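Each chain, letter by letter, is given below.
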Amino acid sequence: MATRPTSSAPSQRMLRVGEQVRAAITQVLQRGEVRDDIIEATVISISEVRMSPDLKIATAYVTPLGVSDHAIVINALNRNAKFIRGRLGPQLRQMKYMPEVRFRDDTSFDNYKKIDDLLRSPEVSRDLDNDDE
């Protein structure tokens, strides 16, 4: 009898479906199907889509490029989420339920920059030099 993993890590199925949803949303945005001035004027990078365990909710982590206020673009995407969900159908025919799409700001790049800045700081460099002695 097989035991189920108890970790909260996403399953292979969740990862695979998340990547399919990411590709489908990217196609909808690239084709300019969403008629919204903010979305049409912004290049949007979708770094990841995380699926809920039941595959009914897709959370897309996006980075609007060249825009200082990401909240405006995120709000525009969430306003148009139902329309975008409807346009995903042809690419996601194999799914039993079309997932509800939610958009969130991807802050991972900011976190990477903070870590990089910290590692390059004089204090850390000094401590690393002391370890070599």
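An account of the accompanying structure is given in this report. These numbers come from a predicted model, not from an experiment. (Residues numbered from 1 in each chain as written. Predicted model: local features only at pLDDT ≥ 70, side-chain atom pairs only at ≥ 80, totals over all residues. Heavy atoms only, no water.)

Observations concerning the pattern of salt bridges
Applying the stated rule across the entire model yields eight salt bridges. Residues glutamate 33 and arginine 31 are paired through a salt bridge, measuring 2.4 Å at the closest nitrogen-oxygen approach. Relative accessible area serves as the criterion here: at 47%, arginine 31 is assigned to the partly exposed category. A salt bridge links arginine 50 to glutamate 48, with the nearest nitrogen and oxygen atoms 3.1 Å apart. (Salt bridge = Lys/Arg side-chain N within 4 Å of Asp/Glu carboxyl O. Buried < 20%, exposed > 50% of the residue type's maximum accessible area, 1.4 Å probe, protein only.)

Quick word on the layout of surface pockets
Counted as a void, the largest pocket has a volume near 220 Å³. Per-class residue counts for the lining of the largest pocket are five nonpolar, two polar and five charged. Elements supplying a minimum of two residues to the lining of the second largest pocket: helix H1 (12–30), helix H2 (37–40) and strand S1 (43–51). Class assignment of the residues belonging to the lining of the second largest pocket gives a composition of six nonpolar, four polar and two charged. (1 Å grid on protein atoms, 1.4 Å probe; cavity = no way out; pocket = protein on both sides within 12 Å on 5 of 7 lines; lining within 4 Å. Points joined across faces, edges and corners; volume = space filled by probe spheres on them. Nonpolar A, V, L, I, M, F, W, Y, C, P; charged D, E, K, R; others polar. Helix = DSSP H or I, 4+ residues; strand = E, 2+ residues; numbered from the N terminus.)

Quick look at the environment of serine 47
Residue placement: serine 47 occurs in strand S1. Residues serine 47 and serine 108, 61 residues apart in the sequence, show an inter-C-alpha distance of 9.4 Å. Excluding anything up to four places from it in sequence, serine 47 contacts Arg22, Tyr61 and Asp106. Here the side chain of serine 47 touches aspartate 106 through a polar contact of 2.4 Å, side chain to side chain. (Contact = heavy atoms within 4.5 Å. Polar contact = N/O pair within 3.5 Å; in protein donor to acceptor, adjacent residues only side chain to side chain.)

Some remarks on the packing of aromatic side chains
Within the structure shown, the criterion is met by zero aromatic pairs. Over the ring of tyrosine 97 we find lysine 56; its NZ or CZ atom is 4.3 Å from the centre of that ring. (Phe/Tyr/Trp six-rings, centres within 6.5 Å; stacked < 30°, edge-to-face > 60°. Lys NZ or Arg CZ within 6 Å of the ring centre and 35° of its normal.)

Regarding the pairing of strand S2 (residues 57–65)
Relative to S2, S1 is paired through eight bridges, and the arrangement is antiparallel. Residue pairing in the sheet places methionine 51 in a bridge with alanine 58 of S2. Linking S1 back to S2 in an antiparallel pair, the connection comprises five residues, with leucine 55 at a positive phi of about 65°. Taken together, the six bridges between S2 and strand S3 (residues 100–105) define a ladder with parallel strand orientation. (Pairing = 2+ DSSP bridges.)

Details of the sheet that holds S3
Pairing is mixed across the open sheet formed by three strands, whose spatial order is S1-S2-S3. In this open sheet, the two edge strands, each paired with only one partner strand, are S1 and S3. Direction aside, the axes of adjacent strands within the sheet are offset by 30° on average. Set on the sheet, H1 makes contact with S1, S2 and S3; between it and S1 the angle comes to about 155°. (Axes fitted to C-alpha atoms, helices over the stretch in contact; angles between N-to-C directions.)

Some words on the nonpolar core
In this structure, Ile25, Leu77 and Phe103 are the most contacted members of the largest nonpolar core, which totals 28 residues. Elements with a contribution of two residues or more to this core: H1, S1, S2, helix H3 (70–79), helix H4 (81–87) and S3. In terms of residues, this core owes the most to one element, H1, which gives seven residues. When neighbours within four sequence positions are excluded, leucine 77 is seen to be in contact with Leu29, Ile39, Ile44, Val62, Ile84 and Phe103. (Core = buried A, V, L, I, M, F, W, Y, C linked by side-chain atoms within 4.5 Å.)

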